[in-house]
Amino acid sequence: MTPEQLSRVVADALAALVAEGALVLHGDLPREVRVERPKVKEHGDYAMNVALQLAKQAGRPPREIAELLAARLASATGIAHVEVAGPGFLNVRVGAGAQGAVAGAIVAAGEAYGRSDVLRGRRVNVEFISANPTGPLHLGHTRWAALGDAIGRVLAAAGAQVTREFYINDRGAQMDKFGASLAAAAAGQPVPDDGYHGDYVVELASQIAVDRPELSELPADERVAAFRDEGYRRQLVEQRAQLDGFRTHFDVWASESALHDDDRVKHGIERLREQGHLYEADGALWMRTTDFGDDRDRVLVRSNGAFTYFASDSAYYVDKRERGFSPCIYLLGADHHGYVNRLRAIAACAGDDPDRDIDVLIGQLVKVVRGGQELRLSRRAGTILSLQEVVDLTGVDALRYTLCRFPADSPMTVDIDLVTRTSNDNPVYYVQYAHARLSSILRNAVGLGLAADADTYDPALLAHQREGDLLRALADLPRVVEQAAALREPHRVARYLEETAATFHRFYDECRVLPMGDEEAGDLHRARLVLVAATRLVLGNGLSLLGVTAPERM
RNA sequence: GCGCCCGUAGCUCAGCUGGACAGAGCAACGGACUUCUAAUCCGUCGGUCGCAGGUUCGAAUCCUGCCGGGCGCACCA
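Values in this document were obtained by computation on a predicted structure and should not be read as measured data.

Moving on to helix 14 (residues 387-394). Listing the buried residues of helix 14 in full gives Leu 387, Val 390, Val 391 and Thr 394. The arc that holds every buried residue of helix 14, seen down its axis, measures 100 degrees, which confines them to one face. Next to the buried residues of helix 14 lie helix 5 (139-157), helix 8 (220-245), helix 15 (396-404), helix 16 (416-420) and helix 17 (427-447). Backbone geometry just downstream of helix 14 places Gly 395 in the positive-phi region, at approximately 90 degrees.

Structure below.
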């Protein structure tokens, strides 16, 4: 019996009580009965607080309601024991057979276990990183790469159709500064003070100068533009290669300048104009974002006729919506949190519901510590720790896992020395090791002529305390995934995996799976083998939601 | 000045969106391998959940005000 099944049983019992008139509720039945796993095992396998929540609506003491429900549940199949505890909690123990059946169900579901269709039909756009193509990606971007990709995976697992998108800020003054920096460096001149100063600028400039000598012959202004475009092209290739290596793949690379070139900016502004929130003042075109919580109105077209960056943002949002996405998710660094109200106001001004159609996630920036010292990351100052450098040090798995382990809004410190360490200071190895151990058992089983057979094992034999603990942990994956998707919090998956791995290790410690020596294989061996296969699937499926590999051996 | 995020064990951090005595890892100390991977397991030590009020059967969680830290407030990109 899974928590979802239990929840349904209790909801049905509740509905029956109401239908019979045994319970009168003011208002509707609760949409869902929440099932929790109590921390204290004396409180049973599962606990529910429906009775406490309904007390007010029913106008009766919670314990009375709980008693009514308990009487009904006592005879339900799969439930071994029900009791009312404390102020009105409903504590349930699940029968061994019903509990053990979970393992077989997981094996039968295979790689689909943990997936659901709660978001079926939703087309979700996840935009993240969106760096300027003026240099290598650094560790700051890496958090969004790991997180954004994992959010995409989790949403897809919940049934959504996901498009991952990278918005290229390839237009405007920063690009020109980049071009000027390259042109200067190529000519052996010092880069402008407000330009880009990293070593990579010099390298890139000299490569371009060698590969495309004709560019250096151009007149000054054309030369800057030529170096800018060539540098841009190469940086983009570089960024994509680095992200590929980090297992982060984008479905769409959206160019800001393309948005202008094919008039989607104009089109977007027209669409917004139809909604009636644009006005002209002081020769400029404004959007009345203050109608929707922004602290000031924003300019779309300056009095000199130039489009603002905000115009691109607005048009880009309209473009996404016209491609059918809802919600459009944005991952932004904390240094951009001022954009939240602005972006939500764009959605509102476009006639959308910001709570439904847009979701702006703010992530705290990562602090980087190496050798006990904090590194200050600045591209323009040239003190970059690039994504590639860090990946080379730590490996993709360790880095991805570490970055996905924490909620985005919690400030995190990446200690390079720690992530680099391939010891059990590193939770990723703890989880991977469990998976390798499980794989090993299954390999050895094959050697003994045994295989996990979900159809013929006896689920009631999985009655050991450690087996029950493990089964209940495994049964949690679907709701962990659902919640991770709903809240856009993949770290829940990581934490869940750590707990489940620990639960497995404890099981392993006490419960022998395979027959020893000349021992004949019995029904308990077969049942445990199914449990092992189920556990391996859960860890493997969970790791893949984070984009981390599940090794067969370590 | 206005706004957003954070403050939980010595350290790094969870805390299931209000539940039953506040958790994990690391660090410290002590145990467990002749048979499925010891990258593991078990035990001990460790907390006024920043402070003060409020909401209620019940608050680390929600509200208000302080304190401390990070970040942001352009016809910039």
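Moving on: the packing of helix 19 (residues 477-487) against helix 20 (residues 491-510). For the pair helix 19 and helix 20, interaxial distance at closest approach is 8 Å and the crossing angle is 155 degrees. Judged on the interaxial angle alone, helix 20 and helix 19 are roughly antiparallel. Contacts between helix 19 and helix 20 involve Leu 477, Val 480, Gln 483, Ala 484 and Leu 487 from the first element and Arg 492, Val 493 and Tyr 496 from the second. Among the residues making up the contact of helix 19 with helix 20, the classes are represented as six nonpolar, one polar and one charged.

Turning to the domain arrangement of chain A, a few remarks are in order. Domain boundaries assigned for chain A yield domain 1 (3-94), domain 2 (100-118 + 425-545) and domain 3 (128-262 + 364-419). Inter-centroid distance (C-alpha atoms) of domain 1 to domain 3 is 53 Å.

Contacts to RNA strand B come from 63 residues, most closely from Arg 34, Val 40, Tyr 433, Arg 437 and Ser 440. Here RNA strand B approaches the protein such that, of its atoms within 4 Å, sugar and phosphate make up 59%. Interatomic distance of 3.2 Å between a side-chain N/O atom of Arg 512 and a sugar or linking oxygen of RNA strand B. Contacts to RNA strand B include Glu 552, whose backbone N or O atom sits 3.4 Å from a base oxygen. Those elements that provide at least two residues to the surface near RNA strand B are strand 4 (89-94), helix 6 (173-186), strand 9 (284-287), strand 15 (412-415), helix 17, helix 19 and helix 20. Each residue belonging to the surface near RNA strand B can be placed in one class, and the counts come to 27 nonpolar, 18 polar and 18 charged.

The rules behind each value
- Residues numbered from 1 in each chain as written.
- Chains lettered and ligands numbered in written order.
- Predicted model: local features only at pLDDT ≥ 70, side-chain atom pairs only at ≥ 80, totals over all residues.
- Heavy atoms only, no water.
- Buried < 20%, exposed > 50% of the residue type's maximum accessible area, 1.4 Å probe, protein only.
- Helix = DSSP H or I, 4+ residues; strand = E, 2+ residues; numbered from the N terminus.
- Arc of directions from axis to C-beta.
- Contact = heavy atoms within 4.5 Å.
- Axes fitted to C-alpha atoms, helices over the stretch in contact; angles between N-to-C directions.
- Parallel < 35°, antiparallel > 145°, perpendicular 65-115°, else oblique.
- Nonpolar A, V, L, I, M, F, W, Y, C, P; charged D, E, K, R; others polar.
- Domains from an automatic or database assignment.
- Near = heavy atom within 4 Å.
- Polar contact = N/O pair within 3.5 Å; in protein donor to acceptor, adjacent residues only side chain to side chain.

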